[in-house]
Each structure stands twice: as structure tokens, then as C-alpha cells.
Amino acid sequence: MRPLLILAVLMLVLGACTGVPASSALPAPSWYVDSARFQRGAHAGLDCSDCHADIQLDDVPAKHPSADRITQDARVLFDYRACERCHKEEYAAYATGVHAEVRDGARVKTSTFDAPTCGNCHNAHYAPAQRTRVELFAVQSDVCGACHPAERATYLQNFHGKAAVHLGEKRSAGCTDCHGGHRVASLTQAEDALAVCQRCHPEASPNMAGFLIHAHEELPAPEARRAFESTLLFYAKLLLTLFVVGVLGFFYAHTLLWLIRSLHRRLRG
Amino acid sequence: MSHPVAYWRFNLWDRLTHLLLIVSMVGLIGSRFPLKFSDALGARGAIALMGGVGGAGVIHRVSAIILGMACLMNLVSVAYLILVKRRPIFGPDSIFPRGKDFTDLWQHARYFFGRGERPKFDRYAYWEKFDYWAVFWGMAIIGGSGLVLWFPAIATQFLPGIVINLAYLAHSDEAMLAFGFLIVVHLFNTHLRPERFPLDKVIFTGKISADEWARDHSLEWERVQHAPGRLDEQRVH
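The text that follows walks through the structure, step by step, so that each part is easy to find. Everything numeric in this text was worked out from a predicted model, so none of it was measured.

Some words on the overall build of chain B
Thinking step 1. Looking only at helices and strands, one finds 11 helices and 2 strands in chain B.
Thinking step 2. The N-to-C order of helical and strand elements in chain B reads β-α-α-α-α-α-α-α-α-β-α-α-α.
Thinking step 3. Every one of the 237 residues in chain B was classed for burial, and the buried ones make up 44%.
Thinking step 4. In chain B, 68% of the contacts between residues at least 6 apart in sequence involve partners at least 24 apart.
Thinking step 5. Carbon and sulfur atoms make up 71% of the accessible area of chain B, which totals about 12200 Å².

Some details on the nonpolar core
All names here are of chain B.
Thinking step 1. In terms of nonpolar packing, the biggest core is built from 14 residues, with Y7, F10, I208, W213, W221, V224 and L231 touching the most fellow members.
Thinking step 2. Secondary-structure elements contributing two or more residues to this core are α8 (202–205), α9 (210–216) and α10 (218–225).
Thinking step 3. Beyond its immediate sequence surroundings of up to four residues, L231 is in contact with Y7, W213, W221, V224 and Q225.

Re the packing of helix α1 (residues 12–36) of chain B against helix α7 (residues 162–192) of chain B
All names here are of chain B.
Thinking step 1. Where α1 contacts α7, the axes come no closer than 11 Å and their chain directions differ by 125°. Judged on the interaxial angle alone, α7 and α1 are oblique. Relative to α7, the crossing made by α1 is left-handed. Residues H18, M25, I29, F33 and K36 of α1 form the contact with α7, whose participating residues are S172, M176, F179, L182 and H186.

Overview of the interface of chain A and chain B
Thinking step 1. Opposite the 52 residues of chain A that make contact, chain B presents 52 residues.
Thinking step 2. Inspection of the region where chain A meets chain B yields 16 residue pairs in polar contact (both at pLDDT 80 or more).
Thinking step 3. Residue assignment for the side of chain A that touches chain B shows that the elements contributing at least two residues are α1 (2–17), α13 (159–166) and α16 (227–268) of chain A.
Thinking step 4. Examining the composition of the side of chain A that touches chain B, we find that 24 residues originate from one element, α16(A), more than from any other.

Thoughts on the packing of aromatic side chains
Thinking step 1. Evaluated as defined, the whole model comprises 26 aromatic pairs over all chains.
Thinking step 2. Ring centres 5.0 Å apart and planes at 85° place the aromatic pair F121(B) and W127(B) in the edge-to-face group.
Thinking step 3. Given a relative accessible area of 1%, F121(B) falls into the buried group.
Thinking step 4. Given a relative accessible area of 4%, W127(B) falls into the buried group.
Thinking step 5. Clustering of aromatic rings is evident, with ring pairs tying together W258(A), Y111(B), F112(B), F121(B), Y126(B), W127(B) and F188(B).
Thinking step 6. Here R37(A) stacks its cationic end above the ring of Y126(A), 4.0 Å away from the centre of that ring.
Thinking step 7. Above the face of the F37(B) ring, K36(B) is positioned so that its terminal group lies 5.7 Å from the ring centre.

Quick word on the state of the cysteines
Residue and element names in this part refer to chain A.
Thinking step 1. One pass over the full model with this rule turns up 0 disulfides over all chains.
Thinking step 2. Distance from the sulfur of C48, which forms no disulfide, to the nearest cysteine sulfur (C51) is 8.6 Å.
Thinking step 3. The closest cysteine sulfur to the non-disulfide-bonded C51 is located on C83, 6.8 Å from its own sulfur.
Thinking step 4. Looking at C51, the relative accessible area reads 28%, which means it is partly exposed.

Considerations on the pattern of salt bridges
A side chain of one charge can pair with a side chain of the opposite charge when the charged atoms of the two come close.
Residue and element names in this part refer to chain B.
Thinking step 1. Under the defined criterion, the tally for this structure stands at 23 salt bridges over all chains.
Thinking step 2. A salt bridge links E220 to R123; its shortest N-O distance comes to 3.1 Å. On the criterion of sequence distance, the pair formed by E220 in helix α10 and R123 in the loop between α4 (99–112) and α5 (126–150) is long-range, its members being 97 residues apart.
Thinking step 3. By relative accessible area, which is 0% here, E220 ends up buried.
Thinking step 4. Ionic pairing is found between D216 and R196, a salt bridge with its closest N-O pair at 2.9 Å. Highlighted residues: D216 in helix α9 and R196 in the loop between α7 and α8, separated in sequence by 20 residues. Exposure class is identical for D216 and R196. Each is buried.
Thinking step 5. Each member of the salt-bridge network shares a partner with another, and the members are D93, R98, D122, R123, E220, R223 and R230.

Quick look at the environment of T117(A)
Thinking step 1. Relative to the assigned elements, T117(A) resides in the loop between α9 (98–103) and α10 (118–121).
Thinking step 2. For the pair T117(A) and F78(A), spaced 39 residues apart in sequence, the C-alpha separation works out to 9.9 Å.

Here we look at helix α11 (residues 133–147) of chain A
Thinking step 1. Spanning 15 residues, α11(A) covers 21 Å between terminal C-alpha atoms, matching the ideal 21 Å at 1.5 Å per step.
Thinking step 2. Inspection of α11(A) places V134(A), F137(A), A138(A), V139(A), Q140(A), S141(A), D142(A), V143(A) and G145(A) among the buried residues, and these make up the whole buried set.
Thinking step 3. Elements in contact with the buried residues of α11(A): α10, α12 (149–157), α13 and α14 (175–179) of chain A together with α2 (43–49) of chain B.

Observations regarding the packing of α12(A) against α13(A)
All names here are of chain A.
Thinking step 1. Two numbers describe how α12 lies on α13: the axes approach to 4 Å, and their chain directions differ by 90°. When the axis of α12 is compared with that of α13, the two are roughly perpendicular. Along the contact surface, α12 presents Y155, L156 and Q157, while α13 presents F159, H160, G161, K162, A164, V165 and H166.
Thinking step 2. Here the contact of α12 with α13 is composed, by residue class, of 5 nonpolar, 4 polar and 1 charged.

The rules behind these values
Residues numbered from 1 in each chain as written. Chains lettered and ligands numbered in written order. Predicted model: local features only at pLDDT ≥ 70, side-chain atom pairs only at ≥ 80, totals over all residues. Heavy atoms only, no water. Helix = DSSP H or I, 4+ residues; strand = E, 2+ residues; numbered from the N terminus. Buried < 20%, exposed > 50% of the residue type's maximum accessible area, 1.4 Å probe, protein only. Contact = heavy atoms within 4.5 Å. Areas by Shrake-Rupley, 256 points an atom, 1.4 Å probe, with all protein chains shown as cover. Core = buried A, V, L, I, M, F, W, Y, C linked by side-chain atoms within 4.5 Å. Axes fitted to C-alpha atoms, helices over the stretch in contact; angles between N-to-C directions. Parallel < 35°, antiparallel > 145°, perpendicular 65-115°, else oblique. Left-handed = near helix turned anticlockwise from the far one by under 90°. Polar contact = N/O pair within 3.5 Å; in protein donor to acceptor, adjacent residues only side chain to side chain. Phe/Tyr/Trp six-rings, centres within 6.5 Å; stacked < 30°, edge-to-face > 60°. Lys NZ or Arg CZ within 6 Å of the ring centre and 35° of its normal. Disulfide = S-S within 2.5 Å. Salt bridge = Lys/Arg side-chain N within 4 Å of Asp/Glu carboxyl O. Expected span 1.5 Å × (residues − 1). Nonpolar A, V, L, I, M, F, W, Y, C, P; charged D, E, K, R; others polar.

Next up, the structure:
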């Protein structure tokens, strides 16, 4: 018993030391800017007007904020073309990704959000610079998951998500490792997926890329992508569960009845 | 028999096999529970203790090889019994299931409800046979799916990628079944039930007392009374 206790304490202590970094999902949109926090972020040192060129600091009451603007989401109002001045590569990459396709109307919007631009993922006021991979795993799981909750859930059920987000394994993969951060890709085409898998698994074959990372163990809509495979997984899961519950149920009942009979016999003497 | 006489029930080889099974099970379950329940309290610490996700993987695979060895060792033992000792495969001493096991189960269930006597068991009672065969069935499903997960690139050279998903499902669910069975049913049936509590040492020492033998495996006991050579051969000196 004693070594077990020591082991448990060790596990808890080690767990606390290597704890999951605090979630830094985007805060609810607000017009308030905490200057002290801003100065600790990646954009510390910039002036407000470096990004908010339409604000004239000497003449704030004249132009900003107006009554019809202040009720709107700051992320919708802000003109993110301002980011391009410093982040040219990222901006160009974004323009060729799936998120930009949604913005430009080339794709159907699938979420209640407006098409995501810079501010939907990046917290420009407070996000720290130089985050580690492990920190980013958790951030991405939250930020991407805000619009893609099903993908977040399936990712966290997968080895990659468990190892990356829960266990802090830096060799695992986060959202953007496969899907890209700025040039965001859905990876619905097999050859695109294969190229991505091969970044870490150079031995991967086209078949291996058919592995469903975001495997939904529920019945898919008939027109859904890879509906047959999802259906197969659903019934496999159902059968396995019935089997496990059946076998354990039978033997647990057997054990319980045996225990009662044995105790009864003992107590009767 | 006035003085306590002990007999050999399990030889050294089979006891060693069982020890390896225990070691491999602890290694297999211990290295993968923190991954399956990776968001549980202590999971990170447990993984850190094993040297990270990679270290836990090494422990898991080494344990899997030990389990495979234990199964091979058992096949050797079975081959010895059949080929050298000339024991009949479907005889009363055999671990193979037979019709009596099902009537024993029915009779035992009636006994649980107070409707009849406890059945007389032979060398292996039906639950002992189930324990034994469950390992082989688990080896087939968990071992097979485990190999797919270990070598996904090789497996998908001739199988579609969805097989990896199926392997994950089967591996995880069957492992939970094995764990749920071992920790409750196997431990209770062999060690924790009031007649045996807290530990039945037979599988570790190999020795069984005449009383226990006559009580728990009465049919075998009665049979060996008529085979004096066998009784002497098994007596612990």
C-alpha cells in the first residue's frame, strides 16, 4: 500500500509542476484596453494609432467612438488590412487559405461567426509573443475549437490531441501543424492530407492518410464526406460497447451473486 | 490424512508464465491509462514519471512483448502436456471447454440462489477456463489491433486507413474489458471471495493442500485417489 501512496503523491506533484498552461482563448470582445496587459503582449511598444490609424489621439472625442459603432463587435469593425503593413507574409498566406475563401464568399459560411480574419484568432492587444509549441497546442485547441467544436472534440479523443494538449508532448501535432495557421486548409483531398501526414510520418502511404483523425463515432448524414467509413465506425463502436457491457455485465452479476451467497453461508455459519 | 500434505498443482514454468502475465498487464495498463484518460488528474504526472509520452510508449511495447512471450511459453507448456505427457486434449483435466462447464455454470447459478448444491469441479472450473481463454481471445483482438497501431505504415500498405480507426476502437474497448474483468471478476473469483480472502497462493507457490484440492477440485481429487502413481508424483516432499 505504501509504495502506491508514494507513487500517487509523486504523480500529483509532477502533474502540478508540468501543468497545462492556462487557457488563453479569446476574451469576449470589449472596447476596453488594459494598458498594463497590453504592454506585456507581443505588440507592446506600438502606439494605438499604429494600428488604429483612424483614431487621432489629439482629437479623440471628434471621431471615436461613434454611437453606432460602439454597439458592434470590435473584430468585425476593425480593418485588418492594417496588419499587412508588418505581417506581409502572413497576410498573403491568409488570402490563399480557406478562411479567406469564406470571407470572399467562395465557400458557404458554416458558423455563426463572420468569416474569420486576423482578430478572430489573434488577440492583438494581449497575446504574448514567443509561445512554446506546447502552449500553442492548448491555445489552438481553444481558439480553433470555438468555431469547430466537433473537430476539437475529436482531436482531443485522438492520440495527437491527447499527447499535445493534455500531456504537453511537443513532438505531437496541434491544429495548425496539419491545417496551417494562415494558409488554412481543410485537407479534404487525400493527396493534401498525405503530404501533411508525411511531414512527421515520412513512411506514410496514401492509405495511411485515410485514417480519420477527426473520427465521429456517430451516424453521419448520408451526404457527409466519408459517410460509409463513419457509419462503419459507428456500428463498430456500438458492437464493441454491447460486447464489453454484455461480458462485464454477465460476470459482474456472477461475481455479485457469488459474493452474496458466500457471505450468507459464512454468516449463517 | 492427519498431517497437512501438499501437492503440486502448477509447475515452475506455468507459475513463471503467470508472473510474466502480471508484469505485462501492469506495464500495459499503467502506461496507457494516463493516455486514454489524458485529461484526468495525475495523468500528466504519471506520463512524466515514465519519461513522457515516448517513454510510456516504450514501456507499453516492452510489456506487450513480455505478454507475447508469456503466451508462447504457455503454448510450449500445452505442447509438453499433449506430446510428452500424452494427456488427452479433451479429457477431464484439460483446460478445453466441454459440456459439463455449461451445466456447472447453470448449477452454480442455482446454488447462488439457494436452489441446490455447489457443483463439483474438476481440475479447472468453468470460470478458470474462461480466465484462460480470455487471455488468448484478448491477445488476438488487442494484440492484432496493437500491431496495426504500432506499425500503421506497414498495415496500411495493404489495408485502408480506416483500419487504424477500427484498431483504436477495438484496442481501447477490449483493453477496458480486460481491465474491468481482471480487477473485479478474476481477483474476486481467485483471491477475494470469502473462502480465499485475501490471496490464493496456489498460482504463486504451485502447491495446494489436500483439503483445498478435495474441496475446490473434488472430481480431480477423487480421480487421483484411484491413480496412486499420479498422487505420489504430485506430492510435495
